[in-house]
Amino acid sequence: MISRSSARAHATRAHILEAALRELGRDPECSLGDIAGAAGVARRTIYGHFTGRAALVQGLASDAGEAIRRVSAATRAPTPDAVTALARFILALWPVGDRFRTLLGLARHDLGPDAIDALLRPARETVSGILAQGQRQGFFHTAVPPGPLNRALEAQMLALLECVNSGLWQDDGTAAATAALIAAGVGRDSAAAAVHHLRPSG
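The rules behind these values
- Residues numbered from 1 in each chain as written.
- Predicted model: local features only at pLDDT ≥ 70, side-chain atom pairs only at ≥ 80, totals over all residues.
- Heavy atoms only, no water.
- Helix = DSSP H or I, 4+ residues; strand = E, 2+ residues; numbered from the N terminus.
- Expected span 1.5 Å × (residues − 1).
- Bend = angle between axes of the 7 residues up to and from the residue.
- Buried < 20%, exposed > 50% of the residue type's maximum accessible area, 1.4 Å probe, protein only.
- Polar contact = N/O pair within 3.5 Å; in protein donor to acceptor, adjacent residues only side chain to side chain.
- Phe/Tyr/Trp six-rings, centres within 6.5 Å; stacked < 30°, edge-to-face > 60°.
- Axes fitted to C-alpha atoms, helices over the stretch in contact; angles between N-to-C directions.
- Parallel < 35°, antiparallel > 145°, perpendicular 65-115°, else oblique.
- Left-handed = near helix turned anticlockwise from the far one by under 90°.
- Contact = heavy atoms within 4.5 Å.
- Nonpolar A, V, L, I, M, F, W, Y, C, P; charged D, E, K, R; others polar.
- Salt bridge = Lys/Arg side-chain N within 4 Å of Asp/Glu carboxyl O.
- Core = buried A, V, L, I, M, F, W, Y, C linked by side-chain atoms within 4.5 Å.

A.B. asks: Can you break down helix α5 (residues 82–99) residue by residue, with the values?
C.D. replies: Taking 1.5 Å of rise per residue, 18 residues should cover 26 Å, and α5 covers 26 Å from first to last C-alpha, within 8% of that figure. Of all the bends in α5, the greatest reaches close to 30° and is centred on leucine 93; the proline proline 95 follows between one and four positions later. When you tally the buried positions in α5, you get 13 out of 18 residues, the bulk of the element. Capping of α5 at its N-terminal end is provided by aspartate 81; its side-chain oxygen lies 2.9 Å from the backbone amide nitrogen of valine 83.

Structural data, given as structure tokens:
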């Protein structure tokens, strides 16, 4: 059973991280004082949960990683149709990417390549499996093996999230999932129909 003090500490930590997402998205160079002000807490309260900026960003990355693992686990069950499986995964993952897209601008400086690889590994493993299945079934093109094709689709999704971050584009995941299917080798109309089947309009 979680004690009342532990529950309060957890809620405060979550509140600080929520404020950090907003403030770092507004200004990647913002200070811990700015984040404390946005969270409505004293700066020493932040230090009670995080040793500094790097630890705070790592906290955001840990939450993002846990969300990615949940999506990957929830979509891990085999699906006979790889096109549907890929569309479903992208639609489920997009809200996570959208929520934590602030990390895109912080990743290289604050996290480093090893942390980024660990963060994305569950999604990479899931997508690589789906792509291999789709290539065997003849749904996806075979000009590029599943691993490199997976990285290409990942780069495309991250680029789209960057466009959302900079205000160039808005999406609920529908267009991103359709674009991923097309990039994997599915025809435009078939890709749109597969995504529409999972997320009908209206």
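Once the structure has been displayed, the description carries forward.
A.B. asks: An account of the packing of aromatic side chains is needed here, citing residue identities and associated values.
C.D. replies: Taken as a whole, this structure holds one aromatic pair when the rule is applied. Aromatic pair tryptophan 94 and tryptophan 169: ring centres 6.2 Å apart, planes at 80°, arrangement edge-to-face. One end of the pair, tryptophan 94, is in helix α5; the other, tryptophan 169, is in the loop between α8 (146–165) and α9 (174–184), with 75 residues separating them in the sequence. According to the relative accessible area criterion, tryptophan 169 is partly exposed, its value standing at 26%.

A.B. asks: Please set out the packing of α5 against helix α7 (residues 113–137) residue by residue, giving values where relevant.
C.D. replies: Axis separation between α5 and α7 bottoms out at 8 Å; the angle between their running directions is 160°. For the element pair α5 / α7, the angle class is roughly antiparallel. At the point where α5 passes α7, the crossing takes the left-handed sense. Touching Ala82, Ala85, Leu86, Phe89 and Leu93 of α5 are Ala123, Thr126, Val127, Ile130, Leu131, Gln133, Gly134 and Gln137, all from α7. Here the residues of the contact of α5 with α7 are counted per class, giving nine nonpolar, four polar and no charged.

A.B. asks: Give me the environment of histidine 49: which residues, what numbers.
C.D. replies: Here histidine 49 lies in helix α3 (residues 43–49). Separated by 33 residues in the primary sequence, histidine 49 and isoleucine 16 place their C-alpha atoms 9.0 Å from one another. Once residues lying within four places of it in the same chain are set aside, the contact partners of histidine 49 are Ala9, Thr12, Arg13 and Ile16.

A.B. asks: Please provide a residue-by-residue account of the pattern of salt bridges, values included.
C.D. replies: Inspection of the entire model under this criterion finds nine salt bridges. The partner of arginine 13 in a salt bridge is aspartate 63, with the nearest N and O atoms 3.7 Å apart. Residue arginine 13 is located in helix α1 (residues 4–26), and its partner aspartate 63 is located in helix α4 (residues 53–74); the two are separated by 50 residues in the primary sequence. Classification of aspartate 63 as partly exposed rests on a relative accessible area of 30%.

A.B. asks: Account for the nonpolar core, with residues named and values stated.
C.D. replies: Residues Ile35, Leu86, Phe140 and Leu181 are the most contacted members of the largest nonpolar core, which totals 59 residues. No other element matches α5, which puts 11 residues into this core.

A.B. asks: Account for the packing of α4 against α5, with residues named and values stated.
C.D. replies: It is the contact of α4 with α5, at a shortest axis distance of 10 Å, that shows an interaxial angle of 165°. Considering the angle they form, α4 stands roughly antiparallel to α5. Crossing angle aside, the handedness with which α4 passes α5 is right-handed. Contact residues: α4 offers Ala64, Ala67, Ile68, Val71 and Ser72, while α5 offers Phe89, Ala92, Leu93 and Val96. By residue class, the composition of the contact of α4 with α5 is eight nonpolar, one polar and no charged.

A.B. asks: Residues and numbers for the environment of phenylalanine 100, please.
C.D. replies: In this fold, phenylalanine 100 is placed in the loop between α5 and α6 (107–111). Its relative accessible area of 10% is what places phenylalanine 100 among the buried residues. Along the sequence, phenylalanine 100 and glycine 52 sit 48 residues apart, while their C-alpha atoms lie 19 Å from each other.

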